[in-house]
Amino acid sequence: MASATEFEDHSKQEIKYTTCYMCACRCGIKVTVEDNKVRFIQGNRNHPINQGVLCAKGSAGIMKQYSPGKLRNPLRRKPGTERGAGEFEEISWDEAIDSLTQRLAHIRATDPNKLAFFTGRDQMQALTGLWAQQFGTLNWSAHGGFCSVNMATAGLYMLGHAFWEFGDPDWERTKYFMLWGVAEDHSSNPLKIGLEKLKRHGGKFVGINPARTGYQAIADEWVPIKPGTDGLLALSMVHVLLQNEQFDWDFLLRYTNAPFLVVNTPGKKGDGLILRDGEGHPMIWDLKKEAFANGMEAGSTGALFGAYSAPDGRPVRTVMSVLTERYLDDQFSPQNASKITGIPAETIERLALEMAHVAFKESIEIEVEWTDWAGRKHDKFIGRPVSMHAMRGISAHSNGMQSARAIHLLQVLLGTIDCPGGFRSKAPYPKPVPPPNKPAQHSAPNTPLKSLPLGFPTAPEDLVIDENGQPKRIDKAYSWEAPIANHGLMHMVITNAVNKDPYAIDTLIFFMANMSWNSTMNTANVQEMLKSKDDDGEYKIPFLVVVDAFHSEMVNFGDLILPDTTYLERYDAISLLDRPISEPDAICDSIRHPILQPDRNVRPWQEVMVDIAGRLKFPAFTKEDGEPRFTSYKDFIINYERAPGIGFLAGWRGADGNSHLRGEPNPNQWDRYIENQGFFKYHLPESMAFYRFANKDYLELAQRVGFNPTADPIVIELYSETFQRFRLAGQGLYDGPQPKDPVDRERLATYFDPLPDFYEPLEQQRIDKKEYPFYAVNQRPMMMYHSWDSQNAWLRQIIAQNYLYMNRQRGLQMGIEDKSWVWVESHNGKIRVQVKLIEGCQADTVWTWNAIGKQSGAWGLKPEAAEATRGFLMNHLISELLPAKQGERRLTNSDPITGQAAWYDLMVKIYPAAPGEEGTWPVFPTIKPLPGDTPAPDVLRYHTHRPVNLKS
């Protein structure tokens, strides 16, 4: 007789909801737990971000949790051993925290800037930034300086919101979508959901990218652009719109600084600044009054075009006149842009006119009453259903800031900003242009900084420099070399600290930052820098603390290793004060909470920071009697208030939990989030859903809940007076601080154009492009994220080796065969890799997947893993410094405005390897196992119990 069918025993299982951490999307997940183990992970259908959709990474969170590469105990480099040798001993948490606290206390009492604290993809920068501010060090920032600061800064200095976490296309209504330089991992699930909606209702999708992969593979039109020329393509489209008078006059007059008057006195102080009255108001020429008037006065009718003589006799022109004269110049014509971008002139013209047709001939209206900032009633919202999204393919160039501004300019001319069908903002954005907080400039022993280390300069007076004009920060952010470095220059920290430029530091803390491998340029040299010593035998970076959950390559160089928990084992607040998950129609935040108990001797870094803050008696973390104010990170999130009623979590505030967005602390707030599946969503009424830069009800809400300091309208700045102030400083025409070094003066005068500009990337200006004819870029695949996931057994089955992808026809012309081995050489180094010939690649471009290659022995992988023996990094080819130039100090290989790392400016030559030359090169020594490690299994399997039928 057959045995009875056996089914799953659901009585042992529990469903828990939390937030994914397998990339930066922060999707909602539904986790089935059995006996303190994950049974499986699904998307949460109720979550505002992913609506139940979950990618390969999210589902494979199980194998991240059970990775052999997890750190298990605090470690200390063995006394007498060399840094980088991988010789560690286990220590207790008490010993680790006591010793670190003692060291930090000395630094804080003497010179707080001797501590440098830099964080990677931590998703809690509001806490780490507050911690650094309370410590008193200027030397803090996160990963954005080598990821997307160009994108963020361009938007925040122009629109008040930006691409990525700051805004989204209106997927429900857009009819024409243009995607610029976005790899497959970014915003993966939301983009897939959005593209499906776009396709379903018949919208057009144009992908602008040198590689046709991922999203671009389903585009209705693929535009294979040469890397680093996107800004010129956008400005050439602007040329076409202006030439054909296809722009939104009303939008420009009502919501931008297009009618503001600009002083036109070349060679004199004040040239290029906005004409202002005695109270500082920007001036326009009022057509009704036929007189100069306050441009911020409700009901004024400013001239969009015109040149006038100011009351003091200075010649002035409208911003729109300056803009039109600039972009109608023949250098921006499609014919000339085609020579640089590689895009046919007729394609450039057609794409621009297609967008104009959709914006103005297929506009949409939503009949709902709303009130603008001046109290004027409107009976509808007008929508221009053209939308765009852009990311690192634009950002990671040294001209990326201006390129991103150029893309935004294109949107503004079409009137597609925060309107139905356009590019909509997400709370707490839009912010004033730029946001009002300035970076901290001064530090003192045992004293918190007066503001956060990062902020938004508007003039040279806001720079973080000493009386001699020298940088005060170790990364040289907010110096003349990178004046608007809003996310810092994390990629320069090691180089500058080792060179003691501008000074020596004592302790460097890296949290979730793999700065000895894929997150650094010039990898081999940086590893040597981390081991370098002074003549007295002491390390040039005396003490290095590495905080991570996994055995990354960076762990090998730490003096103290603090093991973090995984995202399934801790509390996290995904906060509106930080990097929120809001949607255009709703204000949202979310949490993580422990759904598993750790099986290792690990602690959440959040808890450790709160503990150390109390021990060091940071004012914000200490009671009047000197005792710690918070017992834990969980307690901190509940009770810390940035301002009265404003804390890290916006939902269920107030003593009774009935207040939202603002209210006193609620002791049961975490419970309310857990009951609501880990997220909070405050749906905005339709009358607040659009034109939020000028929407009275929304602006008043934003002021009331602390998003913005006032309810004043947010003026879109096509022309940046901030940039012009820095340009004047470079020209020697500024009434204030000016750089002394001719190099700095030249850079300011050249690159701080107040209008969006295009220039050749800096490294490419110094490279012989006949010797190095190929652009070389990397992208991230949809199933991997940074270096986190190529340790993941499930995801490794999809990809465990990367190739160098090359245009098939170009490769065959050069005698390069598919899957052959080639040498790739730049001005900085060379690598040997395996090439894959494909059709979907721009002919002058080669590319690869980022961060697949691993150092042998890291991440719990076997030393002979494919990632170590066949995978590779392009990072060896890239220098963190520009090629040397006679008579010039070495400059960072970064955007001269923001300091964004210029990963994608790389130019290379390629040639076949000789017979017998096979295998990836260079090869690095195998990292030693850590104490207590067990050998990686040949086959990594996971199940909570013997497989049975799932349903009963």
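See above for the structure.
Residues numbered from 1 in each chain as written. Predicted model: local features only at pLDDT ≥ 70, side-chain atom pairs only at ≥ 80, totals over all residues. Heavy atoms only, no water.

If you tally the helices and strands in the protein chain, you get 25 helices and 34 strands. Taken against the 2.2 N^0.38 rule, which gives 30 Å for 952 residues, the C-alpha radius of gyration of the protein chain at 28 Å falls within 12% of a compact globule. The C-alpha extent of the protein chain, read off along each of the three principal axes, is 90 × 75 × 75 Å. In the protein chain, which comprises 952 residues, the share counted as buried stands at 65%. Per element, the accessible surface of the protein chain, about 33000 Å² overall, is 48% carbon and sulfur. For the protein chain, the separation between the mean place of its 103 positive charges and that of its 115 negative charges on side chains is 2 Å. (Helix = DSSP H or I, 4+ residues; strand = E, 2+ residues; numbered from the N terminus. Rg over C-alpha atoms; globule rule 2.2 N^0.38 Å. Buried < 20%, exposed > 50% of the residue type's maximum accessible area, 1.4 Å probe, protein only. Areas by Shrake-Rupley, 256 points an atom, 1.4 Å probe, with all protein chains shown as cover. Lys, Arg positive; Asp, Glu negative; His and termini not counted. Charge placed at Lys NZ, Arg CZ, Asp CG, Glu CD.)

Looking now at the packing of aromatic side chains. Applying the stated criterion across every chain yields a total of 51 aromatic pairs. Put simply, the rings of F117, W131, F135, F511, W605, F618, F621, F630, F636, Y640 and F648 touch in pairs and so form one group of aromatic residues. In this structure, R83 packs its charged tip against the face of Y539, placed 4.3 Å from the ring centre. Against the face of W823 rests K830, its NZ or CZ located 4.3 Å from the ring centre. (Phe/Tyr/Trp six-rings, centres within 6.5 Å; stacked < 30°, edge-to-face > 60°. Lys NZ or Arg CZ within 6 Å of the ring centre and 35° of its normal.)

Consider a sheet: its strands pair through backbone hydrogen bonds, and that pairing is either parallel or antiparallel. Ordered in space as β1-β2-β3, the 3 strands form an open sheet in which the pairing is antiparallel. One side of each edge strand has no neighbouring strand; the edge strands of this open sheet are β1 (13-19) and β3 (37-43). On average, each strand axis in the sheet is tilted by 25° relative to the strand beside it, whichever way the strands run. Pairing between strand β2 (residues 28-34) and β3: 6 bridges, direction antiparallel. Note on β3: the bridge partner recorded for T32 is F40. (Pairing = 2+ DSSP bridges. Axes fitted to C-alpha atoms, helices over the stretch in contact; angles between N-to-C directions.)

This part takes up the packing of helix α7 (residues 230-243) against helix α9 (residues 319-327). Axis separation between α7 and α9 bottoms out at 9 Å; the angle between their running directions is 110°. Comparing their axes, α9 and α7 come out roughly perpendicular. Classified by chirality, the crossing of α9 by α7 is left-handed. Only M320, L323, T324 and Y327 of α9 make contact with α7, whose side of the interface consists of L235, V238, H239 and L242. (Parallel < 35°, antiparallel > 145°, perpendicular 65-115°, else oblique. Left-handed = near helix turned anticlockwise from the far one by under 90°. Contact = heavy atoms within 4.5 Å.)

Here we come to the nonpolar core. One finds L104, W131, L562, W605, F621 and F636 to be the most contacted residues of the largest nonpolar core, which totals 114 residues. The residues touching W605, leaving out its near neighbours within four places in the chain, are F117, M124, I509, F511, V547, L562 and D564. With 101 residues, the next largest nonpolar core counts Y255, A359, V368 and F456 among its residues. (Core = buried A, V, L, I, M, F, W, Y, C linked by side-chain atoms within 4.5 Å.)

Turning our attention to empty space enclosed by the protein. In total, this model carries 10 cavities of 30 Å³ or more according to the counting rule given. By volume, the largest cavity amounts to about 320 Å³. What lines the largest cavity is a set of 25 residues, among which K64, M512, D548, F550 and W788 lie closest to the centre. Of the residues belonging to the lining of the largest cavity, the class tally is 9 nonpolar, 11 polar and 5 charged. Residues lining the lining of the largest cavity come from more than one domain, with at least three contributed by each of domain 1 (77-138 + 445-561) and domain 4 (772-910). Estimates place the volume of the second largest cavity at around 180 Å³. In terms of lining, the second largest cavity is formed by 19 residues, of which the most central are G181, N209, G393, Q779 and Y904. Secondary-structure elements contributing two or more residues to the lining of the second largest cavity are α12 (392-395) and β29 (774-779). (1 Å grid on protein atoms, 1.4 Å probe; cavity = no way out; pocket = protein on both sides within 12 Å on 5 of 7 lines; lining within 4 Å. Points joined across faces, edges and corners; volume = space filled by probe spheres on them. Nonpolar A, V, L, I, M, F, W, Y, C, P; charged D, E, K, R; others polar. Domains from an automatic or database assignment.)

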